Amino acid sequence: ETGVTQSPTHLIKTRGQQVTLRCSSQSGHNTVSWYQQALGQGPQFIFQYYREEENGRGNFPPRFSGLQFPNYSSELNVNALELDDSALYLCASSAMWRTGATGELFFGEGSRLTVL
Amino acid sequence: AQSVTQLGSHVSVSEGALVLLRCNYSSSVPPYLFWYVQYPNQGLQLLLKYTTGATLVKGINGFEAEFKKSETSFHLTKPSAHMSDAAEYFCAVSAHAGGTSYGKLTFGQGTILTVHP
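Residues numbered from 1 in each chain as written. Chains lettered and ligands numbered in written order. Predicted model: local features only at pLDDT ≥ 70, side-chain atom pairs only at ≥ 80, totals over all residues. Heavy atoms only, no water.

### Remarks on the packing of aromatic side chains
Then step 1. Evaluation of the coordinates by the stated rule reveals 13 aromatic pairs over all chains.
Then step 2. Arranged with centres 5.1 Å apart and planes meeting at 65°, the rings of F60 of chain A and F64 of chain A form a pair that is edge-to-face.
Then step 3. An aromatic cluster is built from Y35, F45 and F107 of chain A together with F34, Y36, F90 and F107 of chain B, whose rings are joined through pairwise contacts. (Phe/Tyr/Trp six-rings, centres within 6.5 Å; stacked < 30°, edge-to-face > 60°.)

In structure tokens:
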């Protein structure tokens, strides 16, 4: 069983730039969620994708956007980067909307973004 | 709306001592509750979860937690700490309907567990 994989693992950008983070979901999972974890904080929900559509969004501005592809992999895009966007970005996959699904999320190792 | 409060951002215990990490939640609907562990520079790993049924749930690595609805708590315990338990622990809550979770977790701020020899 292949777990959740994320790329890149680390990257450095400057303010105003754009970034794309990628995630491959675990085999058999149909839903991908993205979380932002700032240093010393718990993960904050950004959004969730199911059937290639956004299915819920946290308190993040529109410059945070995403995609889900037919193979359930996903991208997180952040435009006009700000210093406060520096964080660990976690992708999690799950088998949602299936009988008995309990909401357990399987997390990747994360992509650590530094904005200078 | 849901929220999670973890009491104590840092907990320090001696090897072999009891581990107790506290978590209180707020939820307008019956919750699903989770504990995750995060080792440095890694993602989150599920320790255990409560959905329905037995309120005392057992997880991996000897951890367990008890769901107490009257106290809105889901504290994590381990009878005897091991050096390898040193990590950050997160309590999380999610809503569900008809037994199907919405899958959006609300996390607490985390508790860093230090284990001394």
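On we go.
### Comments concerning the environment of G108 of chain A
Then step 1. On the secondary structure map, G108 of chain A appears in the loop between β10 (106–107) and β11 (111–115).
Then step 2. Exposure remark for G108 of chain A: the relative accessible area of 1% places this residue in the buried category.
Then step 3. Taking the C-alpha atoms as reference, G108 of chain A lies 20 Å from E54 of chain A; in sequence the two are 54 residues apart.
Then step 4. In contact with G108 of chain A, not counting residues within four places along its chain, are V4, Q6, L90 and C91 of chain A together with G43 and L44 of chain B. (Helix = DSSP H or I, 4+ residues; strand = E, 2+ residues; numbered from the N terminus. Buried < 20%, exposed > 50% of the residue type's maximum accessible area, 1.4 Å probe, protein only. Contact = heavy atoms within 4.5 Å.)

### So, the confidence of the model for chain B
Then step 1. When pLDDT is averaged across chain B, the result is 91; 93% of the residues are at 70 or more.
Then step 2. For chain B, strand β11 (residues 100–101) of chain B is the element with the lowest average pLDDT, namely 52, and strand β8 (residues 73–78) of chain B is the one with the highest, namely 98. (pLDDT = per-residue confidence, 0-100.)

### Quick notes on the state of the cysteines
Then step 1. Under the criterion given, the structure shown has two disulfides over all chains.
Then step 2. In this model, C23 of chain A is linked to C91 of chain A through a disulfide, with the two sulfur atoms separated by 1.8 Å. One disulfide, between C23 of chain A and C91 of chain A, carries an S-S torsion of -65° and so falls in the left-handed class. Of this pair, C23 of chain A sits in strand β3 (residues 19–24) while C91 of chain A sits in strand β9 (residues 87–94), and the two are 68 residues apart along the sequence.
Then step 3. With relative accessibility at 3%, the residue C23 of chain A sits in the buried group.
Then step 4. There is a disulfide in this structure between C23 of chain B and C91 of chain B, and the S-S distance comes to 2.0 Å. Linking C23 of chain B and C91 of chain B, the disulfide has an S-S dihedral of approximately -65° and is accordingly described as left-handed. Here C23 of chain B, found in strand β3 (residues 19–27), pairs with C91 of chain B, found in strand β9 (residues 87–94); they are 68 residues apart in sequence, far enough to count as distant. For the pair C23 of chain B and C91 of chain B, a shared accessibility class is recorded, and that class is buried. (Disulfide = S-S within 2.5 Å.)

### Regarding unusual backbone geometry
Then step 1. Along the chain, S7 of chain A connects to P8 of chain A via a cis peptide bond; the corresponding omega equals -10°.
Then step 2. Relative to the assigned elements, P8 of chain A resides in the loop between β1 (5–7) and β2 (10–13).
Then step 3. A positive phi angle is found at N61 of chain B, which is not glycine, with a value near 60°.
Then step 4. Counting through the fold element by element, N61 of chain B comes out in the loop between β6 (56–58) and β7 (64–68).
Then step 5. Residue T72 of chain B is not a glycine yet carries a positive backbone phi of 45°.
Then step 6. Mapped onto the secondary structure, T72 of chain B falls in the loop between β7 and β8.
Then step 7. For T72 of chain B, a relative accessible area of 32% gives the class partly exposed.

### Thoughts on the nonpolar core
Then step 1. Of all hydrophobic cores here, the largest spans 26 residues; its most connected members are W35, L47, L48, F74, L76 and Y89 of chain B.
Then step 2. Counting only elements with at least two residues in this core, the list comes to β2 (10–14), β3, β4 (32–38), β5 (44–50), β7, β8, β9 and β13 (111–116) of chain B.
Then step 3. Judged by nonpolar contacts, the second largest core, of 20 residues, contains V19, I46, Y49 and L81 of chain A. (Core = buried A, V, L, I, M, F, W, Y, C linked by side-chain atoms within 4.5 Å.)

### Quick word on the sheet that holds β3 of chain B
Residue and element names in this part refer to chain B.
Then step 1. As summarised here, the arrangement of the five strands in space is β1-β3-β8-β7-β6, forming an open sheet in which the pairing is antiparallel. Two strands close off the open sheet at either side, each with one partner strand: β1 (2–7) and β6. Averaged over all neighbouring strand pairs, the angle between strand axes comes to 20°, with direction disregarded.
Then step 2. Inspection of the sheet shows β3 paired to β8 by four bridges, in the antiparallel sense. Opposite V19, over in β8, you have K78 as the bridge partner. (Pairing = 2+ DSSP bridges. Axes fitted to C-alpha atoms, helices over the stretch in contact; angles between N-to-C directions.)

### A closer look at the pattern of salt bridges
Then step 1. Following the criterion strictly, the structure yields six salt bridges over all chains and no others.
Then step 2. A salt bridge links R22 of chain A to E75 of chain A, with the nearest nitrogen and oxygen atoms 3.5 Å apart. Separated by 53 residues along the polypeptide, R22 of chain A in strand β3 and E75 of chain A in strand β8 (residues 74–78) bring together distant segments of the chain.
Then step 3. Take R22 of chain A: its relative accessible area is 43%, and that puts it in the partly exposed class.
Then step 4. For E64 of chain B, the salt bridge is made with K58 of chain B, and the minimal N-O distance between the two is 2.8 Å.
Then step 5. Several salt bridges share partner residues, and in doing so they unite R63, E82 and D85 of chain A into one network. (Salt bridge = Lys/Arg side-chain N within 4 Å of Asp/Glu carboxyl O.)

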